Amino acid sequence: MKRSLQQIALLVAKDLRIEARGKQTVGLVIVLGVLIIVVLGMGLGTGGPGAPMSGFKSTAILWVAYLFGGVLCFEKTMAVERQDDALAGLLVAPLDRGALYIAKLLSNLTLMFVLALVVTPVAILLFRFDLSTHPWGFVIVMALGMTGFAAIGTLFAAAVSSTRLQGGLLALLVFPLSLPVVHASTQMMRKMFEEGEALSGGGLATLLAFDLMFLALSWFVFELVLEP
Amino acid sequence: MTVSLSTPAATAIPGAAAAVRAEKLTKAIDDKTILKDINLDISAGRYVALLGANGAGKTTLLKILATLVAPSGGVLKLFGQTVRRDSIHIRSRLGLIGHGAMLYRDLSARENLVFFGRLYGVADAPGRAAELLKFVDLAPRANDPVKTFSRGMMQRVSIARALMHNPDLLLADEPFSGLDAPSCRMLEEMLSRLHGQGKTVVLANHEISQSLRLAEQAVVLRKGRVVLDEPASSLDPAAVLAEVSAR
Amino acid sequence: MSTLRFLTWGYWLLTLALFAATVTMVFTYTPVEETMGVVQKIFYLHLPVAINTFAAAAMVFIASIGYLWERKAWWDDLAAAAGKITALLCAVVLLTGMIWGRSAWGHWWTWSPRLTFSLVLFLLYVVYLMIRPSIESPQRRAMVCAVYGIIAFLDVPLVYLSVKMMPDFHPSSIALAPPMKLTLLAWFLPVTLLAAGLIVTRFTLNCRLRELGERREEEAHQPATEPLGGIA
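What you see is a predicted model; the values in this text were computed from it and never measured. (Residues numbered from 1 in each chain as written. Chains lettered and ligands numbered in written order. Predicted model: local features only at pLDDT ≥ 70, side-chain atom pairs only at ≥ 80, totals over all residues. Heavy atoms only, no water.)

**So, unusual backbone geometry**
Residues and elements named next belong to chain B.
Item 1. With phi around 50°, Lys 24 is a residue other than glycine that occupies positive phi space.
Item 2. Position of Lys 24 among the secondary structure elements: in strand β1 (residues 18-29).
Item 3. According to the relative accessible area criterion, Lys 24 is exposed, its value standing at 53%. (Helix = DSSP H or I, 4+ residues; strand = E, 2+ residues; numbered from the N terminus. Buried < 20%, exposed > 50% of the residue type's maximum accessible area, 1.4 Å probe, protein only.)

Written out as structure tokens, the structure reads:
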């Protein structure tokens with residue numbers, strides 16, 4: 001157990017170090033996210049000094065940016081392993097496949113966290129979202145939603161990276177499977193910001209169930225998916 | 001070079017337990033048979049060449065030996081232990097050199113080696129990395145990113161990576177492909193030296209005369225079966241070629 | 001061989017006859033519902049198809065697990081067949097649901113929980129069909145699709161939970177008169193026969209296509225070994 005944790009830390013540190021060298025993924029993903037927000041803002045943003053926009057609407061706009069940005073993160077962190085067959089080097093090592101999955105997931109979540117850290121304030125600024133009633137509810141719902149999305153994304157990135165990746169295949173796989181999480185988080189935001197309810201336990205349970213189910217499942221099938 | 005590469009305790013003594021013992025190993029993907037009834041006995045400390053035409057099953061067999069792929073049937077024992085899915089202990093005694101360098105291009109040679117060393121739980125990974133970089137003659141370039149290296153240099157780092165945890169069994173899958181003549185000779189020497197230090201070497205190669213010159217034992221695969229398994233010195237390249245390419 | 005063909009013909013004729021009978025039943029025997037009018041009759045098609053959609057999706061799920069477990073190509077053929085029928089049936093559910101919504105609320109589309117549910121389900125299985133041709137290697141395709149098929153099915157209850165959070169303006173249940181219930185029950189028969197028949201037909205076709213492809217591949221590989229033999 002302790003050894004696995006050390007190996008996970010080592011793998012994540014390695015991924016982040018490679019990312020820090022090139023800074024390709026984070027830069028790319030942030031710029032893409034901001035562009036998406038701007039495009040959406042052109043049509044949907046409130047014109048003139050009016051009332052701020054409901055926090056509920058933020059989920060739709062942010063999810064578009066997170067979904068596209070996230071898929072790029074998943075692709076990039078896995079491409080690093082496929083280049084020069086580095087993955088085989090990991091697989092012959094005394095390393096549990098589950099640990100490898102967790103490490104990749106953590107790397108992806110870190111990158112997505114950086115993405116969210118830049119894109120969310122930009123969206124709040126451009127759309128004048130009013131999140132003041134439930135700021136923490138917003139953070140918790142988004143964090144849980146992204147975890148579920150990343151759990152699936154990490155799994156499928158490993159599954160399709162060895163096929164000569166046809167453009168958009170990963171997005172096509174991951175988007176529909178993530179729809180429940182997008183939908184559930186949107187509904188929770190609606191309840192919080194439109195109906196003034198507190199963060200609902202049932203909604204949180206749905207999101208948590210989604211996260212746990214896909215984490216567990218991915219952990220199990222990750223080994224199968226990696227096999228050449 | 002005077003660097004000692006083996007801690008005597010970890011090295012298998014020639015003549016002791018077999019390093020590799022495969023019984024009726026088969027591999028089928030869907031309904032296609034790739035390997036059929038492979039029986040293989042490699043005693044510790046041997047240098048074995050695995051020969052065969054493209055598609056004969058060399059790479060698959062090597063992947064099974066490296067525990068990357070599970071066989072569909074049969075028993076595989078490495079160092080006397082049966083290989084299962086979670087053979088973490090067995091894995092720590094294997095070293096693999098493949099077609100790909102199995103390195104991270106953006107990291108330096110030293111960073112790569114230290115990373116893999118730590119993954120194996122090597123006690124003094126930086127020290128061991130420095131030692132091996134000297135062995136593969138790349139100490140001056142240790143801190144350059146691997147992507148600036150030539151193919152030959154990359155392959156040398158790759159060998160160092162495979163040796164970080166001082167494995168007892170070294171598996172090499174076509175390591176000479178794409179190398180120029182000097183790099184080839186250097187790699188040949190390295191493998192022979194490692195063999196001299198008591199390591200078991202399994203080399204998948206399509207160069208027949210080179211393999212017979214280097215190895216002690218030659219195993220020929222054809223259409224997923226072992227068709228020849230004999231001491232290399234007793235074999236004639238032309239006869240082996242006939243075996244490889246027979247239909 | 002001829003008995004099999006005979007049985008196949010019989011099966012499809014029976015299905016057709018049952019459809020004819022149930023359609024006649026709907027328009028002659030079953031009374032018209034008071035609030036919705038004639039459009040309500042679409043419900044007798046809608047519900048059996050919806051139930052069969054779940055059954056087909058469950059079949060994809062089981063076949064996917066079967067493939068991961070055994071790695072036999074026919075499991076993948078079965079999953080692909082069931083996936084195709086799931087998407088098809090789900091399209092019918094979605095369309096009939098939309099027609100219902102149009103007459104109930106005057107719009108083809110409303111974000112009602114049930115319509116949203118069937119839309120997400122439809123998207124899940126349409127994508128399942130779309131990804132199949134984009135992966136070249138048969139083993140890789142089967143593997144990726146199996147994992148997708150499992151997760152897609154596990155998604156279903158989650159979609160259900162999340163649509164339950166939506167504000168509902170759907171009549172949750174309509175009181176059905178006994179003849180209406182009987183009609184509904186009668187409709188399950190031809191719809192289930194049709195769904196099962198389509199899956200089996202598609203499954204056997206998939207198997208045959210795969211075997212054909214494999215044979216062609218083997219033939220393509222044959223000449224490649226000849227020059228090697230020539231050298232020796």
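**So, the interface of chain C and chain A**
One frequent convention defines the size of an interface as the accessible area lost when the parts assemble.
Item 1. Tallying the contact residues gives 30 residues for chain C and 36 residues for chain A.
Item 2. In this assembly, chain C packs against chain A so that about 2700 Å² is buried in total across both faces, 76% of it on carbon and sulfur atoms.
Item 3. Run the count over chain C and chain A and you get zero salt bridges.
Item 4. Run the count over chain C and chain A and you get four residue pairs in polar contact (both at pLDDT 80 or more).
Item 5. Of all the secondary-structure elements, those providing two or more residues to the side of chain C that touches chain A are α4 (113-134) and α5 (138-163) of chain C.
Item 6. When residues of the side of chain C that touches chain A are assigned to their parent elements, the largest contribution, 15 residues, is made by α5 of chain C.
Item 7. Split by residue class, the side of chain C that touches chain A holds 23 nonpolar, three polar and four charged. (Contact = heavy atoms within 4.5 Å. Buried area = accessible area lost by both parts, 1.4 Å probe. Salt bridge = Lys/Arg side-chain N within 4 Å of Asp/Glu carboxyl O. Polar contact = N/O pair within 3.5 Å; in protein donor to acceptor, adjacent residues only side chain to side chain. Nonpolar A, V, L, I, M, F, W, Y, C, P; charged D, E, K, R; others polar.)

**Focus on the packing of aromatic side chains**
Item 1. According to the stated counting rule, one finds 24 aromatic pairs over all chains in the structure shown.
Item 2. Pairing Trp 74 of chain C with Trp 75 of chain C gives two aromatic rings, centres 4.3 Å apart and planes at 20°, and the pair type is stacked.
Item 3. Ring pairing ties together the aromatic residues Trp 63, Tyr 66, Phe 74 and Phe 149 of chain A, which thus form one cluster.
Item 4. Positioned above the aromatic ring of Phe 79 of chain B, the side-chain terminus of Arg 93 of chain B is 3.9 Å from the ring centre.
Item 5. The aromatic ring of Phe 116 of chain B is capped on one face by Arg 161 of chain B, whose charged end is 5.4 Å from the ring centroid. (Phe/Tyr/Trp six-rings, centres within 6.5 Å; stacked < 30°, edge-to-face > 60°. Lys NZ or Arg CZ within 6 Å of the ring centre and 35° of its normal.)

**With respect to the confidence of the model for chain A**
Item 1. Residues with a pLDDT of 70 or more make up 95% of chain A, whose mean pLDDT is 87.
Item 2. The weakest mean pLDDT in chain A belongs to strand β1 (residues 53-54) of chain A at 78; the strongest belongs to helix α5 (residues 97-127) of chain A at 92. (pLDDT = per-residue confidence, 0-100.)

**What to know about the sheet that holds strand β9 (residues 217-222) of chain B**
All names here are of chain B.
Item 1. Reading across from one edge, β6-β7-β8-β3-β9-β10 is the order of the six strands in this open sheet, with mixed pairing throughout. Single-partner strands in this sheet number two, and they are β6 (94-97) and β10 (225-231). Here the average twist between neighbouring strands, direction ignored, is 15°.
Item 2. Bridging between β9 and β10 involves six bridges; their strand directions are antiparallel. Of the residues in β10, the one forming a bridge with Val 219 is Asp 229.
Item 3. Strands β6 and β7 (169-173) of the sheet are contacted by helix α5 (residues 151-163), whose axis makes an angle of about 170° with β6. (Pairing = 2+ DSSP bridges. Axes fitted to C-alpha atoms, helices over the stretch in contact; angles between N-to-C directions.)

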